[in-house]
Amino acid sequence: MKRRLILIGTALAALATAAPLALHAQPIEGPLRIVVGYAPGGSSDRVARIVGDKLQAKLGIPVVVENKTGAGGRLAAQQVKATPTGQSVLMLANPAVMVVAPLVFKDNGYDAERDFTPVSQVNDYEFGLAVATAVPVRELSHLVAWLRSNPEKANFGVPATGSLPHFFALMTAEKAGVQAQVIGYRGSGPLLTDLIGGQVPVAFDTLDTLLPQAESGKLRILATSGAKRSPWSPAVPTFKEAGLNLVATGWNTFFAPASMPKDKVERLATAIRDVMQDPDTQRKFADAKMTPVVSTQVQTVAMLKAYRAQWAPVVQKSGYQP
């Protein structure tokens, strides 16, 4: 009897130890949808597809990227917020959707903090200031002088109104002492078309978007927004090196609807973190001239809190009204 009780106790202990592992090993119900609020081919879309392909292999379920464009990414957030409980869906979002929009729109149709659960940050990125080849400057200080002498040409193009490049353009104008008009486009494609064609002299966009055109000689990048020079463009100075004390970066982060069960969020966060540690994933990000980030869910939450504290005063001070 004593031996039988020992065996039963050992078995129960083994079951208790295995239960959390079994729970963790429960599969994610497929398909998994990744909703992106921007058109195919842009930075966010590329990130979603790189990670989505790896998640499909890792989780063993179909992973589908959906491009829900419109309203600067806010339509995608509204759609994901309304996802019925039980469906597997993530949103890949940037600061424009999760930090800026809640500060400037009276009714977003979603609450960035209440309606979503941060899952994992996957990359960060810098901005670049680019000029058309017809603009007769090759350094940021020369551009500032040229704009002061030609105030009617102080037009700054950005990929979208209310985007982070929009507010960074306003910050640049203020630091440079230039009265600039910020012109919002419907995405990077139309912005670059007008920049290369000479319809707008100056553009602010993500560095990975600007670099291919710069490398082909269609535009010139005068400065980048990171704290140090970008590994993708080491010959280009930072804004600080070029004389304007500005540093700014953006990010892409996965969010789940608040209705998603906590254990499912944790499993997805772990899977994404594993994917981001994969050397092949990191190589794909490097090929796309983007910096991969390996982050836990706790680190992602802390990053968002700090980022909101940094940018809220900037957005509010701008007085931007949609």
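Conventions and cut-offs
Residues numbered from 1 in each chain as written. Predicted model: local features only at pLDDT ≥ 70, side-chain atom pairs only at ≥ 80, totals over all residues. Heavy atoms only, no water. Phe/Tyr/Trp six-rings, centres within 6.5 Å; stacked < 30°, edge-to-face > 60°. Buried < 20%, exposed > 50% of the residue type's maximum accessible area, 1.4 Å probe, protein only. Helix = DSSP H or I, 4+ residues; strand = E, 2+ residues; numbered from the N terminus. Salt bridge = Lys/Arg side-chain N within 4 Å of Asp/Glu carboxyl O. Axes fitted to C-alpha atoms, helices over the stretch in contact; angles between N-to-C directions. Parallel < 35°, antiparallel > 145°, perpendicular 65-115°, else oblique. Left-handed = near helix turned anticlockwise from the far one by under 90°. Contact = heavy atoms within 4.5 Å. Nonpolar A, V, L, I, M, F, W, Y, C, P; charged D, E, K, R; others polar. Expected span 1.5 Å × (residues − 1).

(A) Structural view of the packing of aromatic side chains. Evaluated as defined, the whole model comprises nine aromatic pairs. Both rings, one in Tyr125 and one in Phe127, keep their centres 5.8 Å apart while their planes meet at 85 degrees; by these two values the pair is edge-to-face. Summarising the burial analysis for this pair, Tyr125 and Phe127 share the class buried. Between the aromatic rings of Phe168 and Phe239, the centroid separation amounts to 5.0 Å while the plane-to-plane angle is 90 degrees, which identifies the pairing as edge-to-face. With Phe168 in helix α6 (residues 164-176) and Phe239 in the loop between β8 (219-224) and β9 (249-257), this pair connects stretches of sequence that are 71 residues apart. Each of the two residues, Phe168 as well as Phe239, counts as buried. Among the aromatic residues, ring-to-ring pairing joins Tyr125, Phe127, Phe156, Phe168, Phe204 and Phe239 into one connected group.

(B) Summary view of the pattern of salt bridges. Counted according to the given criterion, the structure contains 16 salt bridges. In the salt-bridge network here, residues are joined through shared partners; they are Lys54, Asp278, Asp280, Arg283, Lys284 and Asp287.

(C) Here's a closer look at the packing of helix α2 (residues 43-59) against helix α10 (residues 279-287). α10 packs onto α2 with a crossing angle of 165 degrees between their chain directions and a minimal axis gap of 11 Å. Viewed along their axes, α2 and α10 adopt a mutual orientation that is roughly antiparallel. The handedness of the crossing between α2 and α10 is right-handed. Contacts between α2 and α10 pair Val47, Ile50, Val51 and Lys54 from the former with Asp280, Thr281, Lys284 and Phe285 from the latter. Looking at the contact of α2 with α10 residue by residue, the class counts come to four nonpolar, one polar and three charged.

(D) Main features of helix α11 (residues 297-318). In this model, α11 (22 residues) spans 31 Å end to end at C-alpha, consistent with the 32 Å of a helix rising 1.5 Å per residue. Those residues of α11 lying buried are Thr300, Met303, Leu304, Tyr307, Arg308, Trp311, Ala312 and Val315. Contact partners of the buried residues in α11: α4 (95-104), β4 (116-132), α6 and β9. Residue Gly319 follows α11 closely and has a positive phi angle near 70 degrees.

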